[in-house]
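Overview (structure and organization)
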Amino acid sequence: MSPFLLVEREGAVVTATFNRPDERNAISEVEHSEAIVDFCRQMTRDTSVRAIVLTGAGKAFCAGGNVKNMADRAGMFGGTPYEIRNSYRTSVQMIGPAISELEVPIVAAINGPAIGLGLDIACMCDIRIMADSAVVAESYVKLGIIPGGGGGWLLPRLIGPQRANLMTLTGDAIDAKTALEYGLVAEVVPGDALLARAQALAAKIAANPGHATRMAKRLMREGAHMKLPTLLELAAGYQALAHYSEDHHEAIAAFLGKRAPEFKDK
């Protein structure tokens with residue numbers, strides 16, 4: 001069987017695609033979660049990767065959990081309540097921390113429905129752009145369950161408590177126009193232009209020194225939980241590291257020499 005996560009690379013940009021289009025890229029097997037977690041670890045280790053695009057094969061971005069498995073009490077939805085709890089903790093709930101610890105900037109290209117866990121994963125990414133025909137939903141309550149993959153923490157921070165409550169407690173889907181109005185996505189583009197736009201955006205990020213974008217991403221992630229003086233201490237340490245990098249000196253030389261820089265991730 002083909003891998004759940006199809007990984008392709010062009011230069012410093014990696015495109016990762018959920019690769020179960022016949023199942024709307026649903027995530028219900030432990031192996032699916034492990035594939036995402038392993039991918040995040042590999043990308044953080046590979047300092048030559050400067051940006052990532054995450055998207056879905058076929059017509060969906062990710063439909064969340066497999067409802068047929070829920071009906072059959074199969075896979076991670078089978079067993080006693082204690083076993084189901086442990087299944088969540090050791091599978092889908094590993095995805096959020098893995099993406100949070102991923103230092104490479106990641107762009108979600110929401111090509112189609114991002115439902116439940118699918119929306120949660122999109123929310124874990126740094127930038128989201130959306131096809132004009134796509135919809136997103138925090139739809140757990142419509143199945144009689146609650147946001148189990150991190151949406152209860154992520155969504156209020158991205159769009160505010162009122163709108164997060166509206167989406168979570170009704171479970172209703174919103175279209176791309178509404179997602180843009182909410183600030184959930186940065187851009188809405190025609191579906192046939194989505195992947196190219198996401199890759200162009202990733203390439204623009206990747207044109208900068210990888211160490212700088214990685215530390216800038218980490219600074220913003222950590223800053224969400226810090227007081228300003230603490231953040232400034234972290235920023236001072238990161239800045240000292242950056243000033244001693246070869247890429248910083250190359251950037252200064254290129255700026256003064258009015259030429260394009262050639263970064264080497266050093």
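None of these values were measured; they are calculated from a predicted model. (Residues numbered from 1 in each chain as written. Predicted model: local features only at pLDDT ≥ 70, side-chain atom pairs only at ≥ 80, totals over all residues. Heavy atoms only, no water.)

**Re the overall build of the protein chain**
Helix and strand counts for the protein chain come out as twelve helices and nine strands. Relative to the globule expectation of 18 Å for 266 residues, the C-alpha radius of gyration of the protein chain, 19 Å, shows essentially globular dimensions. By residue count, 45% of the 266 residues in the protein chain fall in the buried class. When the accessible surface of the protein chain is summed, it comes to about 13800 Å², and 57% of that surface belongs to carbon and sulfur atoms. (Helix = DSSP H or I, 4+ residues; strand = E, 2+ residues; numbered from the N terminus. Rg over C-alpha atoms; globule rule 2.2 N^0.38 Å. Buried < 20%, exposed > 50% of the residue type's maximum accessible area, 1.4 Å probe, protein only. Areas by Shrake-Rupley, 256 points an atom, 1.4 Å probe, with all protein chains shown as cover.)

**With respect to the sheet that holds strand 3 (residues 51-56)**
The six strands are arranged 1-2-3-4-6-9 in an open sheet whose pairing can be described as mixed. Two strands in the sheet have a free side with no partner beyond their single neighbour: strand 1 (5-10) and strand 9 (187-189). Going across the sheet, the axis of each strand differs from the next one's by a mean of 20°, ignoring polarity. Pairing between strand 4 (residues 106-110) and strand 6 (residues 127-131): four bridges, direction parallel. The partner of Ala108 across the bridge, within strand 6, is Arg128. (Pairing = 2+ DSSP bridges. Axes fitted to C-alpha atoms, helices over the stretch in contact; angles between N-to-C directions.)

**Digging into the layout of surface pockets**
Of the volumes computed, that of the largest pocket is approximately 750 Å³. Around the largest pocket, the lining is made up of 31 residues, and of these Cys123, Met124, Cys125, Asp126 and Arg221 lie nearest the centre. Among the elements of the structure, helix 4 (95-101), strand 4, helix 5 (117-124), strand 6, helix 6 (151-159) and helix 10 (210-223) are those that each provide at least two residues to the lining of the largest pocket. Counting residues per element, the lining of the largest pocket draws most heavily on helix 10, at seven residues. Its residues assigned to classes, the lining of the largest pocket comprises 16 nonpolar, seven polar and eight charged. The volume enclosed by the second largest pocket comes to roughly 210 Å³. (1 Å grid on protein atoms, 1.4 Å probe; cavity = no way out; pocket = protein on both sides within 12 Å on 5 of 7 lines; lining within 4 Å. Points joined across faces, edges and corners; volume = space filled by probe spheres on them. Nonpolar A, V, L, I, M, F, W, Y, C, P; charged D, E, K, R; others polar.)

**Regarding the sheet that holds strand 7 (residues 135-137)**
The sheet built from three strands is open, its strands ordered 5-7-8 with mixed pairing. Of all strands in the sheet, those bounded by a partner on one side alone are strand 5 (114-115) and strand 8 (173-175). Across three bridges, strand 7 lies against strand 8 in antiparallel orientation. By the bridge assignment for strand 8, Val135 is matched with Asp175.

**Observations regarding the nonpolar core**
If you look at the biggest cluster of nonpolar residues, it comprises 65 residues, and the most contacted ones within it are Ile110, Ile121 and Leu184. Filtering out sequence-adjacent residues up to four positions away, Ile121 remains in contact with Phe18, Ile27, Ile36, Leu54, Ile95 and Ile99. (Core = buried A, V, L, I, M, F, W, Y, C linked by side-chain atoms within 4.5 Å. Contact = heavy atoms within 4.5 Å.)

**So, the packing of aromatic side chains**
Inspection of the entire model under this criterion finds two aromatic pairs. When the centroid spacing of 5.7 Å and the interplanar angle of 40° are considered together, the rings of Phe4 and Phe18 count as tilted. Remark: Phe18 occurs in strand 2 (residues 13-18) and Phe4 occurs in the segment before strand 1; sequence separation between them is 14 residues. Taken together, a centroid distance of 5.5 Å and an interplanar angle of 80° make the contact between Phe18 and Phe61 edge-to-face. In this pair, Phe18 is assigned in strand 2 and Phe61 in the loop between strand 3 and helix 2 (67-72), connecting sequence segments 43 residues apart. (Phe/Tyr/Trp six-rings, centres within 6.5 Å; stacked < 30°, edge-to-face > 60°.)

**Describing the environment of Ala35**
For Ala35, the position within the fold is in helix 1 (residues 30-45). For the pair Ala35 and Ile95, spaced 60 residues apart in the sequence, the C-alpha separation amounts to 9.5 Å.

**Quick notes on the packing of helix 10 against helix 11 (residues 228-243)**
Direction vectors running N to C along helix 10 and helix 11 enclose 175°, while the axes themselves pass 10 Å from each other. With respect to each other, helix 10 and helix 11 are oriented roughly antiparallel. Contact residues: His211, Met215, Arg218, Leu219, Glu222 and Gly223 in helix 10; Leu231, Leu234, Ala235, Tyr238, Leu241 and Ala242 in helix 11. (Parallel < 35°, antiparallel > 145°, perpendicular 65-115°, else oblique.)

**As for a negative patch on the surface**
On the surface, Asp22, Glu23, Glu29, Glu31 and Glu34 cluster together into a patch of negative charge. Inspection of the secondary structure puts Asp22 in the loop between strand 2 and helix 1. (Patch = residues over 30% accessible without salt bridge, like charges linked within 9 Å, V, L, I, M, F, W, Y side chains within 5 Å. Salt bridge = Lys/Arg side-chain N within 4 Å of Asp/Glu carboxyl O. Lys, Arg positive; Asp, Glu negative; His and termini not counted. Charge placed at Lys NZ, Arg CZ, Asp CG, Glu CD.)

**Side note on the side chain of Thr55**
Tracing the backbone shows Thr55 in strand 3. Polar side-chain contacts of Thr55 include one of 2.9 Å to the backbone oxygen of Ala109. Thr55 has contacts with Ala16, Thr17, Phe18, Phe61, Ala109, Asn111 and Leu195, leaving out every residue within four places of it along the chain. (Polar contact = N/O pair within 3.5 Å; in protein donor to acceptor, adjacent residues only side chain to side chain.)

**Considerations on the packing of helix 5 against helix 6**
The interhelical angle for the contact between helix 5 and helix 6, taken along N-to-C directions, is 55°, at an axis separation of 10 Å. Taken together, the axes of helix 5 and helix 6 are oblique relative to one another. Helix 5 and helix 6 meet at a crossing whose hand is left-handed. Of helix 6, the residues touching helix 5 (which contributes Asp120, Cys123 and Met124) are Gly151, Leu154, Leu155 and Leu158. Looking at the contact of helix 5 with helix 6 residue by residue, the class counts come to five nonpolar, one polar and one charged. (Left-handed = near helix turned anticlockwise from the far one by under 90°.)

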